[in-house]
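If you want the building blocks of each chain, they are given just below.
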Amino acid sequence: MAGELILIVEDDSRSAKLAREILEIYGYRTVEARTVEAALTLAFEEHPDLVLMDIQLPDGDGVDVLRRLRLNKVLAAIPVIAVTAFAMREDEQRLRDSGFDGYVSKPVSVKTLAGEVQRQLAARSSPPGGEQ
Ligand code: MN
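Residues numbered from 1 in each chain as written. Predicted model: local features only at pLDDT ≥ 70, side-chain atom pairs only at ≥ 80, totals over all residues. Heavy atoms only, no water.

## Examining the coordination of the manganese ion
For the manganese ion, every protein donor is listed as Asp11 (OD), Asp54 (OD) and Gln56 (O), and the spread of their distances is 2.0 to 2.2 Å. Read in sequence order, the donor residues for the manganese ion give the motif D-x42-D-x1-Q. You can see Asp11 sitting in the loop between strand S1 (5-9) and helix H1 (13-25) and its partner Asp54 sitting in strand S3 (residues 50-54), a full 43 residues away along the chain. (Donors = N, O, S within 2.8 Å, 3.2 Å for Na, K, Ca; no water. Helix = DSSP H or I, 4+ residues; strand = E, 2+ residues; numbered from the N terminus.)

In structure tokens:
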């Protein structure tokens, strides 16, 4: 199902534009934030269905945004995908240990980004075992 709202947290305007264009091709709606503060404000206001999270932001770290979301009852279950230029294996493991639902390395490809977004949204809407 398309039309879900994706929050793109990314301080690099070219990377943000690329993510936006890919997601719009697949029919998703997007909102964008360039800072930790803007990301949290938009998340609380818009309740996005999924968050794409850059790690290095001008006023902090994407991991901190993730932790703040997880502490909020309403926002805790939103899938959050880390999008980062750290392409090394140990960085991926560090981010997974931080509690991100998924991981995509930059530069993103259309297939990889769209595939991961679709996978995370599908996992969210049909929890294993049909639990609530
Ligand atoms: Mn960045």
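Continuing now.
## Details of the pattern of salt bridges
Counted by the stated rule, this structure contains eight salt bridges. The partner of Glu10 in a salt bridge is Lys106, with the nearest N and O atoms 3.0 Å apart. Pair noted here: Glu10 is in the loop between S1 and H1 and Lys106 is in the loop between strand S7 (102-105) and helix H5 (110-125), with a separation of 96 residues, a long-range link. By relative accessible area, which is 22% here, Lys106 ends up partly exposed. Residue Lys17 is joined to Glu21 by a salt bridge in which the shortest nitrogen-to-oxygen separation is 3.0 Å. Of this pair, Lys17 and Glu21 both sit in helix H1, four residues apart, roughly one helical turn. A relative accessible area of 38% means that Glu21 is categorised as partly exposed. Taken together, the salt bridges that share partners define one network made up of Glu10, Asp54 and Lys106. (Salt bridge = Lys/Arg side-chain N within 4 Å of Asp/Glu carboxyl O. Buried < 20%, exposed > 50% of the residue type's maximum accessible area, 1.4 Å probe, protein only.)

## Things to note about the side chain of Glu10
Judged by its relative accessible area of 5%, Glu10 falls in the buried class. Separated by 3.0 Å, the side chains of Glu10 and Lys106 make a polar contact. For Glu10, the residues in contact, after removing those within four places along its chain, are Ser15, Ala16, Ala33, Arg34, Asp54 and Lys106. (Polar contact = N/O pair within 3.5 Å; in protein donor to acceptor, adjacent residues only side chain to side chain. Contact = heavy atoms within 4.5 Å.)

## Focus: the sheet that holds S7
Pairing in this open sheet of five strands is parallel, and the strands run S2-S1-S3-S6-S7 from one edge to the other. What marks the edges here is a single partner per strand, and that holds for strand S2 (29-33) and S7. On average, each strand axis in the sheet is tilted by 20° relative to the strand beside it, whichever way the strands run. Here S3 runs beside strand S6 (residues 80-84); their pairing, made up of four bridges, is parallel. Residue Val51 lies in a different strand from S6, and its bridge partner there is Val80. Of the strands in this sheet, S6 and S7 are in contact with helix H4 (residues 89-98), which crosses S7 at around 150°. (Pairing = 2+ DSSP bridges. Axes fitted to C-alpha atoms, helices over the stretch in contact; angles between N-to-C directions.)

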